[in-house]
Amino acid sequence: MTLHFISVARVRPAAIAAKAAPLLVGFTAVVGQIVLMREVIILFSGNEISMGIALAAWLVWTAAGSGLASRMRTGRVSARHTVAALQCLAGASLVPTVWMLRAGRAAFQTVPGELIGPLPMLITTLVCLSVFCILSGGLFLAAARMVQQESAVSERVAVSWAYVLEAAGSGLGGVLCSVLLLRFFGSFQIAGIVALVNLGAAAILFFPLKGWKVAIAALAVAAVAIPWAAWVAHRLDTSAEQRLWQGFHVVQSRNTIYGNLTVVATGDLQTIYDNGVKLASIPDEAAAEEAVHYALLEHPAPKSVLLIGGGANGSVQQALRHPSVRRLDYVELDPALVEMSRQISPGFAPSLSDARVRVHIADARLWLKTTPERFDAIVVDLPDPETAQLNRFYTEEFFRSARDHLAPGGILGFQVHSSEETISPEMADFLRCIDRTVREVFPWVAIIPGDTMHFFATAQPNVVTEDPRVLIARLQSRGLQTQYVREYFIPFRMMPDRMAQVHAVLQPLPGTPVNRDFRPIAYYFDAVLWGSQFRSGFSRAFEAAAQVPFVWLLATVVILLLATLGAVRSAERHRPQRTAALACTALTGYTLMALQILLLFSFQSVYGYVYHELAVLIGLFMAGIGLGSWLAIRRIACADPASLIRTVAANQFLLAASALLLLLVVALLAQHPGTQSALWIAQLVFPFLALLCGILGGYQFPLTNEICLHDAVTPARTGVVYAVDLLGGSVGALLLSAYLIPVFGFWKAAWFTAAVSLAPAFLAVWAGRDTTMAAEFTASPQTQQR
């Protein structure tokens with residue numbers, strides 16, 4: 001089969017177009033996904049639950065497109081013209097989809113920066129992503145039929161090769177988008193470029209261009225792309241921003257590899273939003289003073305200070321006002337944020353020019369693991385753990401890393417949002433989790449309550465204090481002329497009755513968990529706190545789901561899955577191999593999505609700079625899918641057809657174990673994450689893991705596709721296998737990112753993935769022992785033709 005396809009492609013020029021079409025399908029889909037997912041992140045303030053909803057909606061609509069295309073009758077219309085028409089529609093729909101997402105935020109968000117609830121999230125993603133994703137799913141099947149017609153191969157071979165080429169195009173698109181497009185172009189520019197490429201490819205398919213005509217078509221596309229990227233897309237982007245930030249003056253907006261930064265102005269107040277979340281307001285003396293001075297006043301004479309974040313709101317300037325400070329290390333992830341702060345904050349640029357200040361553009365956790373420095377005070381001035389990325393700075397592992405880099409008598413200071421008066425049950429759970437986690441590492445912890453609750457932790461006794469008189473004495477002795485951290489505000493915030501009330505709230509309950517890298521439970525509590533602000537019942541449902549014991553959940557899901565598979569097998573008792581193959585396809589889609597999420601999240605949790613490695617990891621993951629599919633096609637070409645189901649079963653067992661093995665390798669690497677040799681090993685091991693995971697998943701699809709289509713009498717089943725694979729992935733995206741990882745953590749999510757993947761593996765083993773079906777499969781006319 002493989003040699004036949006290659007030889008035909010060599011002697012028939014039409015096969016080149018047939019091979020290019022699936023490549024472009026994969027390229028368009030992954031570039032569109034990256035652009036639209038970035039818009040979703042901005043729209044929903046970086047919330048990973050929104051990412052799970054968006055990915056699930058994306059895969060569901062793509063599966064629907066594949067299913068609809070499989071039932072369409074094109075009549076006398078050639079597959080070449082069908083692909084060309086769908087390419088035009090898909091390319092043309094990407095720009096309006098970006099616009100709809102921007103408009104969707106304005107429709108639900110009455111005030112910029114206001115949180116958007118779960119129901120608007122679901123409605124927005126389902127509506128906005130529908131058209132592009134349906135067309136993308138239909139394009140895959142149309143491209144597979146084009147491969148079949150142009151290359152003169154069977155339907156099964158065409159679908160398998162289309163899958164290989166689509167994966168290769170996705171890998172290419174992921175790397176190109178992350179390395180080049182996102183760095184130099186905006187969303188509308190990228191969407192327009194993708195649209196023009198698809199329109200140019202469609203023109204080549206509609207009109208059989210050759211030689212110099214192809215070059216002219218490419219020049220025409222470039223002639224349109226240049227003014228689009230330089231002028232039209234910029235106008236669209238400006239118009240969409242004005243609609244998004246109605247009532248505000250947009251000072252500047254910039255897309256970086258870390259997200260979107262926007263500065264808006266109202267009068268003399270300028271506010272920086274990072275992915276739609278308010279990061280800092282300038283001027284905001286209260287926030288800057290409270291973030292820094294409370295922490296530094298807890299230390300008798302801080303000489304060396306590490307400031308993580310907070311530079312935009314003036315924290316650097318405030319820290320330098322303490323006369324004892326001799327060195328200040330300021331760590332910020334995004335260099336664009338530092339540049340923006342220089343432009344809009346009057347005192348920021350001069351403070352960075354101070355000889356005592358060292359600026360580090362890096363992930364703070366990674367930098368802290370690798371630096372040999374010790375500090376009298378480490379001040380974390382970051383938002384609450386609203387996302388998995390931010391949660392990394394509120395875990396037991398981070399607190400241990402901070403403790404190891406404190407000088408004798410050093411302190412760690414950080415803050416989270418609280419309440420001035422009544423603390424709700426949801427907020428109490430969140431604060432108890434944070435308090436319990438920091439006390440796992442530091443035996444001495446002091447707090448200052450208020451709208452923002454400040455935590456101060458140290459490894460030695462008699463360092464931190466909750467006596468306002470001590471803090472006032474240090475404030476006066478240092479000659480600090482502050483406006484909000486004053487001798488009359490400090491006693492008010494630390495009144496005895498208020499302190500007693502807060503300590504009572506923070507007393508850990510028997511079930512209060514510890515927030516860890518591999519179990520980001522504080523992220524779950526913050527998600528519940530977020531959901532409690534809306535009347536959709538999300539918070540109550542989320543809390544109820546979290547109360548289900550993991551063993552009960554796992555047992556229930558496995559029993560239901562086995563019962564369903566048994567019922568389907570009984571209904572198709574004459575075709576047990578097909579039932580097993582479809583079940584393996586669905587769970588392979590789920591497992592692949594689970595592996596991708598676990599790979600990225602675990603890498604980020606340990607090493608903290610996943611954004612820099614995102615292109616490599618996703619690109620190699622998709623390349624692995626393509627390589628695995630190619631290996632499977634070679635296996636099909638030389639294997640006994642009756643043995644294919646046994647190969648599927650064996651590969652399913654490997655997939656079931658892959659999530660656990662992945663986390664085991666990550667856990668071993670995490671034992672010594674700060675050494676230079678460990679970092680070099682990680683840079684080699686993680687890309688290899690991405691490639692290997694992709695190979696395991698990609699190997700399965702051509703095998704199950706061969707089994708399901710061996711006796712197909714209608715073309716409708718062609719798109720079913722692909723749709724089932726996508727639906728399994730949609731379940732994995734939603735279940736892991738929105739439930740399993742926030743509630744149970746990485747390890748239990750991996751165990752869950754392993755358990756549900758074993759069910760179809762045993763079903764495939766059972767089907768492989770059915771010699772009657774094996775004989776029927778071998779004797780079928782289609783198999784003999786292959």
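Structure's up top.
Rules behind the numbers
Residues numbered from 1 in each chain as written. Predicted model: local features only at pLDDT ≥ 70, side-chain atom pairs only at ≥ 80, totals over all residues. Heavy atoms only, no water. Helix = DSSP H or I, 4+ residues; strand = E, 2+ residues; numbered from the N terminus. Buried < 20%, exposed > 50% of the residue type's maximum accessible area, 1.4 Å probe, protein only. Contact = heavy atoms within 4.5 Å. Areas by Shrake-Rupley, 256 points an atom, 1.4 Å probe, with all protein chains shown as cover. Pairing = 2+ DSSP bridges. Axes fitted to C-alpha atoms, helices over the stretch in contact; angles between N-to-C directions. Polar contact = N/O pair within 3.5 Å; in protein donor to acceptor, adjacent residues only side chain to side chain. Right-handed = clockwise from strand over helix to strand, strands pointing away. Phe/Tyr/Trp six-rings, centres within 6.5 Å; stacked < 30°, edge-to-face > 60°. Salt bridge = Lys/Arg side-chain N within 4 Å of Asp/Glu carboxyl O.

1. A few points about the overall build of the protein chain
When helices and strands are tallied, the protein chain shows 30 helices and 11 strands. The 786 residues of the protein chain split such that 61% are buried. Nonlocal contacts in the protein chain, meaning residues at least 24 apart in sequence, comprise 78% of its contacts between residues at least 6 apart. Carbon together with sulfur atoms contributes 64% to the accessible area of the protein chain, which is approximately 30,600 Å² in total.

2. Description of the sheet that holds strand β8 (residues 375–380)
The strand order across the open sheet formed by seven strands is β7-β6-β5-β8-β9-β11-β10, and the pairing between neighbours is mixed. Whereas interior strands pair on both sides, the edge strands pair on one side only; in this sheet they are β7 (357–361) and β10 (444–448). Going from strand to strand, the sheet's axes swing by 15 degrees on average, the running direction of each strand aside. Here strand β5 (residues 304–308) pairs with β8 via four bridges, running parallel. Residue L307 lies in a different strand from β8, and its bridge partner there is V379.

3. Considerations on the side chain of R392
The topology assignment puts R392 in the loop between α15 (388–391) and α16 (396–404). By relative accessible area, which is 2% here, R392 ends up buried. At 2.9 Å, the side chain of R392 forms a polar contact with the side chain of D363.

4. Observations regarding the pairing of β5
Where burial is concerned, most of β5 is hidden: five out of the five residues are buried. Read from β5 through helix α11 (residues 315–320) to strand β6 (residues 327–332), the crossover connection turns out right-handed.

5. Notes on the sheet that holds strand β2 (residues 259–266)
A sheet is described by the order of its strands in space; here four strands give the open sequence β1-β2-β3-β4, paired in antiparallel fashion. A single partner strand is all that each edge strand has here, and the edge strands are β1 (249–256) and β4 (277–282). Ignoring which end each strand starts from, the neighbouring axes of this sheet average 20 degrees apart. Bridge count between strand β3 (residues 269–274) and β4: five bridges; the pairing is antiparallel. The partner of Q270 across the bridge, within β4, is I282. The strands touched by helix α12 (residues 335–344) are β1, β2, β3 and β4; relative to β1, the strand with the most contacts, the crossing angle is about 160 degrees.

6. Observations regarding the packing of aromatic side chains
Scanning the entire structure with this criterion turns up 17 aromatic pairs. When the ring of Y163 is compared with that of F701, the centres are 4.0 Å apart and the planes differ by 20 degrees; the resulting orientation is stacked. In this pair, Y163 sits in helix α7 (residues 155–184) while F701 sits in helix α27 (residues 676–709), placing the two residues 538 residues apart along the sequence. For the pair Y163 and F701, one class covers both residues: buried. Ring-pair connections join several aromatic residues into one group, and the members of that group are F393, Y394, F398, F399, F414 and F455.

7. What about the pattern of salt bridges?
The full count for this structure, using the stated rule, is 16 salt bridges. Here R403 ties to D404 by a salt bridge, and the two come within 3.6 Å at their closest N and O atoms. When its relative accessible area of 27% is taken as the criterion, R403 is described as partly exposed. With its nearest N and O atoms 3.6 Å apart, the salt bridge here joins R486 to E487. We classify R486 as partly exposed; its relative accessible area is 22%.

8. A short note on the pairing of strand β9 (residues 406–417)
The buried fraction of β9 is high, at 10 of 12 residues. Relative to β9, β8 is paired through five bridges, and the arrangement is parallel. The partner of I378 across the bridge, within β9, is L412. Direction of pairing for β9 relative to strand β11 (residues 452–458): antiparallel, over a ladder of seven bridges. Within β11, the residue paired with H417 across the bridge is T452.

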